[in-house]
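Take a look at the letters that make up each chain.
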Amino acid sequence: MSASSTARRIAATVLAAGAIVSAAALPAAAHDDDRRRQSRVEISRVQADSPGRDNRSNRSLNAEWVEITNNSRHAVRLDGWSLRDSDGNRYRFDDVRLAGRSTIRIHTGEGRDTRTDLFQDRRNYVWDNHSDKAVLRDDRGRTVDTKSWGHRHHR
């Protein structure tokens with residue numbers, strides 16, 4: 001076997017091995033890219049129908065809520081972010097810092113804001129019990145996450 005023939009065989013083997021390694025690494029790279037595209041902040045839970053009678057008491061209004069979760073390790077400032085329903089009701093976050101790996105609950109009624117609970121200070125229900133859509137937008141108006149339930153009939 002000549003030296004040039006051996007060199008060609010080695011080059012072909014190296015190229016084939018490189019192709020195999022690249023093909024094996026592709027799904028992992030694609031998966032990492034998907035993870036980067038997923039939002040760090042999401043609407044994790046919604047309780048649109050407060051337990052008991054809908055009597056518009058503050059207790060009943062505060063039993064209607066939306067939870068926002070930060071899935072990253074790093075805190076996120078929610079200043080200027082908004083939470084909206086299908087009818088256009090909007091809650092705007094002001095001076096809110098959501099710690100890493102934490103959840104905050106946004107209640108409809110009146111109350112004193114804390115690290116884990118925020119209050120919209122409304123006297124009427126926001127979320128439709130049977131069908132609605134919660135939309136979380138960042139400070140630039142970009143949709144970060146949505147959560148829908150039921151089926152709305154449009155006329």
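You'll find the structure just up there.
What you are looking at is a predicted structure, and each value in this text was computed from that prediction instead of being measured. (Residues numbered from 1 in each chain as written. Predicted model: local features only at pLDDT ≥ 70, side-chain atom pairs only at ≥ 80, totals over all residues. Heavy atoms only, no water.)

Help me get a handle on the pattern of salt bridges, residues and values and all.
The full count for this structure, using the stated rule, is 6 salt bridges. The partner of Glu67 in a salt bridge is Arg45, and the shortest N-O contact between them spans 3.8 Å. With Glu67 in strand 2 (residues 65-70) and Arg45 in strand 1 (residues 41-47), this pair connects stretches of sequence that are 22 residues apart. Owing to a relative accessible area of 10%, Glu67 belongs among the buried residues under this scheme. With a shortest N-O distance of 2.9 Å, Asp138 and Arg142 are connected by a salt bridge. The class for Asp138 is buried, based on a relative accessible area of 9%. Its relative accessible area of 46% is what places Arg142 among the partly exposed residues. Each of Arg45, Glu67 and Arg105 takes part in one network of salt bridges that share partners. (Salt bridge = Lys/Arg side-chain N within 4 Å of Asp/Glu carboxyl O. Helix = DSSP H or I, 4+ residues; strand = E, 2+ residues; numbered from the N terminus. Buried < 20%, exposed > 50% of the residue type's maximum accessible area, 1.4 Å probe, protein only.)

Give a description of the nonpolar core that names residues and reports values.
Ranked by internal contacts, the top residues of the largest apolar core, which has 21 residues, are Ile68, Leu83, Phe93, Ile106 and Trp127. Of all the secondary structure elements, the ones that give two or more residues to this core are strand 1, strand 2, strand 7 (102-107) and strand 9 (132-137). Beyond its immediate sequence surroundings of up to four residues, Trp127 is in contact with Ala48, Glu64, Val66, Leu83, Arg84, Asp85, Thr108, Gln120, Asp132, Lys133, Ala134 and Trp149. (Core = buried A, V, L, I, M, F, W, Y, C linked by side-chain atoms within 4.5 Å. Contact = heavy atoms within 4.5 Å.)

Describe in detail the environment of Glu42, supporting the description with residues and values.
Within the fold, Glu42 resides in strand 1. Accessibility expressed as a relative area gives 31% for Glu42, which makes it partly exposed. Expressed as a C-alpha distance, the spacing of Glu42 and Lys147, which sit 105 residues apart in the sequence, is 9.1 Å. Those residues in contact with Glu42 that sit more than four places away from it in its chain are Glu67, Ile68, Thr69, Asn71 and Asp145.

Let's hear about the sheet that holds strand 4 (residues 82-84): which residues, and what values?
Strand order in this open sheet of 4 strands is 5-4-9-10, and the pairing throughout is antiparallel. A strand with exactly one partner marks an edge of an open sheet, and here the two such strands are strand 5 (90-92) and strand 10 (143-149). The mean inter-strand angle of the sheet, taken between neighbouring strand axes irrespective of direction, is 15°. In terms of strand pairing, strand 4 meets strand 9 through 3 bridges, oriented antiparallel. The residue bridging Arg84 from the neighbouring strand is Val135, located in strand 9. (Pairing = 2+ DSSP bridges. Axes fitted to C-alpha atoms, helices over the stretch in contact; angles between N-to-C directions.)

Please set out the pairing of strand 7 residue by residue, giving values where relevant.
Both strand 2 and strand 7 contribute to a ladder of 6 bridges, which runs antiparallel. Directly across from Asn70, in strand 7, lies its bridge partner Ser102. Direction of pairing for strand 7 relative to strand 8 (residues 117-119): parallel, over a ladder of 3 bridges. Bridge assignment links His107 to a residue of strand 8, and that residue is Phe119.

Scope: geometric values only; no functional claims are made or implied.
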